[in-house]
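Structural overview
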Amino acid sequence: IGKFYSSQFDGRKLLWCYKFCSGEITSHYTKKSYMFAVSTYQMAILMLFNETDTYTVKQIGELTNIEEVMLVPHLETLLKTRILKVITDDVPKAAESSSINESSTIADDEEVEKTEQKRKVHSQASEPAKDLPPITMDTKLTLCMEYYNDRFYVNLNLPVRRIINKEEEKKREGRIESDHRMAIQCHITRLMKTRKRMTHQDLMKEILEQSSTKFHFSTTQIKLSIGTLIERGIIRRDPDDMTIFEYIA
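So, here's what we can say about the structure. These numbers were taken from a predicted model, which means no experiment stands behind them. (Residues numbered from 1 in each chain as written. Predicted model: local features only at pLDDT ≥ 70, side-chain atom pairs only at ≥ 80, totals over all residues. Heavy atoms only, no water.)

**What to know about helix H4 (residues 68-80)**
Which entries qualify depends on this criterion: Helix and strand assignments follow DSSP, with helices taken as H or I runs no shorter than four residues and strands as E runs no shorter than two, numbered in order from the N terminus. One less than the number of residues in a helix, times 1.5 Å, gives the span that helix is expected to have. Exposure is judged per residue with a 1.4 Å probe applied to protein chains only, and the accessible area is read against the type maximum: over 50% gives exposed, under 20% gives buried, and values in between give partly exposed. Throughout, a residue-residue contact means that at least one pair of heavy atoms, one from each residue, lies within 4.5 Å.
The terminal C-alpha atoms of H4 lie 18 Å apart, and with 13 residues this matches the ideal 18 Å at 1.5 Å per residue to within 8%. Considered for burial, the residues of H4 that qualify are Val-69, Leu-71, Val-72, Pro-73, His-74, Leu-75, Glu-76, Thr-77, Leu-78 and Leu-79. Contacts from the buried residues of H4 go to strand E2 (35-39), helix H2 (40-47), helix H3 (57-64), strand E4 (84-86) and strand E5 (140-143).

Right under this line is the structure:
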């Protein structure tokens, strides 16, 4: 898709906005099958559990390539809805399963039924977990096998808590500003290469008209880009008339 887009549109950059994407997955690990409506990030996280039962937060981040500022809020959502749960001890699964089987053998039918009812009530998605343990990169997560919900279709694509990282925000803003400057410089260079000579007023007018169909550039950005192109020796001012720019072949 990226190659096709680049071949159709010149001077544009295609970026995938995963936060606006969503999908549906079906659970087969629960006693009752469910259809989960999830975001792209949640889908990438949950699909990992097809391979193994337990992951650390660090492993999930490395395998999905999701930044920590986006990963932690989505994991919190899956924990609150009881799709995932935190492993708080290091008891081997074999020992855990054997103890469960032993207790199930000893318990009578009434106790098993009461335990199952309590487990269902506790795991209902309508009663999300309130107090979550702090999530670190070493926190171990696994699927909640006891998950239960009265509904077949469950929407997990809920608003997530946004972690504001000032450094990341500055980097993103810097990349956007850099892309804008490069786009303006390309516009000016193509225009001057065609016209050879233009007055400052005509150049500003042409750039503003062309940018209105793609991106809106401010006059300050255009003036700074003109200064950059002059410094790089791509265009220059006419020595006899400083309001006229010339293209340097």
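**Here we look at the nonpolar core**
As a reminder, the rule being used: Working definition of a nonpolar core: buried Ala, Val, Leu, Ile, Met, Phe, Trp, Tyr and Cys residues. They are joined through side-chain atoms within 4.5 Å.
Counting 25 residues, the largest nonpolar core has Phe-36, Ile-45, Leu-46, Ile-60, Leu-75 and Leu-84 as its most contacted members. Here this core takes 4 residues from H4, the largest share from any one element. Beyond its immediate stretch of four places on either side in the chain, Leu-75 contacts Ile-45, Val-57, Ile-60, Leu-84 and Leu-141. Formed by 16 residues, the second largest nonpolar core is a distinct cluster that contains Ile-184, Leu-191, Ile-207 and Ile-222.

**With respect to the packing of aromatic side chains**
Under the convention used in this document: Pairs were defined over the aromatic rings of Phe, Tyr and Trp, the Trp ring being its six-membered one, requiring ring centres within 6.5 Å. Orientation was assigned from the angle between planes: stacked under 30 degrees, edge-to-face over 60, tilted for the rest.
By the definition in use, this model includes 4 aromatic pairs. With a centroid separation of 6.1 Å and an interplanar angle of 10 degrees, the aromatic rings of Tyr-34 and Phe-36 are classed as stacked. Its relative accessible area of 0% is what places Tyr-34 among the buried residues. Classification of Phe-36 as buried rests on a relative accessible area of 2%. Grouped by ring-pair contacts, the aromatic residues Tyr-34, Phe-36 and Tyr-147 constitute a single cluster.

**A look at the pattern of salt bridges**
Under the convention used in this document: Salt bridge criterion: a side-chain nitrogen from Lys or Arg within 4 Å of a carboxyl oxygen from Asp or Glu.
Within this structure, the stated rule accounts for 5 salt bridges. We note a salt bridge from Arg-195 to Glu-206, for which the minimum N-O separation is 3.3 Å. Remark: Glu-206 occurs in helix H8 (residues 200-211) and Arg-195 occurs in helix H7 (residues 166-195); sequence separation between them is 11 residues. Note on Glu-206: relative accessible area 21%, which makes it partly exposed. Measuring nitrogen to oxygen at the nearest pair gives 3.1 Å for the salt bridge that ties Asp-238 to Arg-197. Within this pair, whereas Asp-238 is found in the loop between strand E8 (235-237) and strand E9 (244-247), its partner Arg-197 is found in strand E7 (residues 197-199), the two being separated by 41 residues in sequence. Overall, the relative accessible area of 9% leaves Asp-238 in the buried class. Each of the salt bridges in this network shares a partner with another, and the network as a whole consists of Arg-197, Arg-236, Asp-238 and Glu-246.

**Examining helix H9 (residues 219-231)**
Quick reminder of the rule: It is the directions from the helix axis to the C-beta atoms that the arc portrays.
In this model, H9 (13 residues) spans 19 Å end to end at C-alpha, consistent with the 18 Å of a helix rising 1.5 Å per residue. Among the residues making up H9, those that are buried are Gln-221, Ile-222, Ser-225, Ile-226 and Leu-229. Looking straight down H9, one finds that the buried residues subtend no more than 140 degrees of arc, so they occupy a single side. For H9, exposure combined with an orientation more than 90 degrees from the buried face picks out Thr-220, Leu-224 and Glu-231. Looking one or two residues beyond H9, the residue adopting positive phi is Gly-233, at roughly 80 degrees.

**Comments concerning unusual backbone geometry**
A positive phi angle, close to 60 degrees, is found at Asn-65, a residue other than glycine. Mapping Asn-65 onto the fold places it in the loop between H3 and H4. For Asn-65, a relative accessible area of 70% corresponds to the exposed category. We note that Arg-82 has phi near 65 degrees; this positive angle belongs to a residue other than glycine.

**What to know about the sheet that holds E4**
Convention followed: The criterion for strand pairing is that DSSP finds at least two bridges linking the strands in question. Interaxial angle, 0 to 180 degrees, is taken between N-to-C directions of lines fitted to C-alpha atoms, where a helix line uses only the stretch in contact.
Taken in spatial order, the 3 strands of this open sheet run E3-E5-E4, and their pairing is antiparallel. Of all the strands in the sheet, just strand E3 (54-56) and E4 have a single pairing partner and so form its edges. Strand-to-strand twist of the sheet, defined as the mean angle between neighbouring strand axes without regard to direction, takes the value 35 degrees. When E4 meets E5, the two strands line up antiparallel, connected through 3 bridges. Counterpart to Lys-85 in the pairing with E5 is Thr-142.

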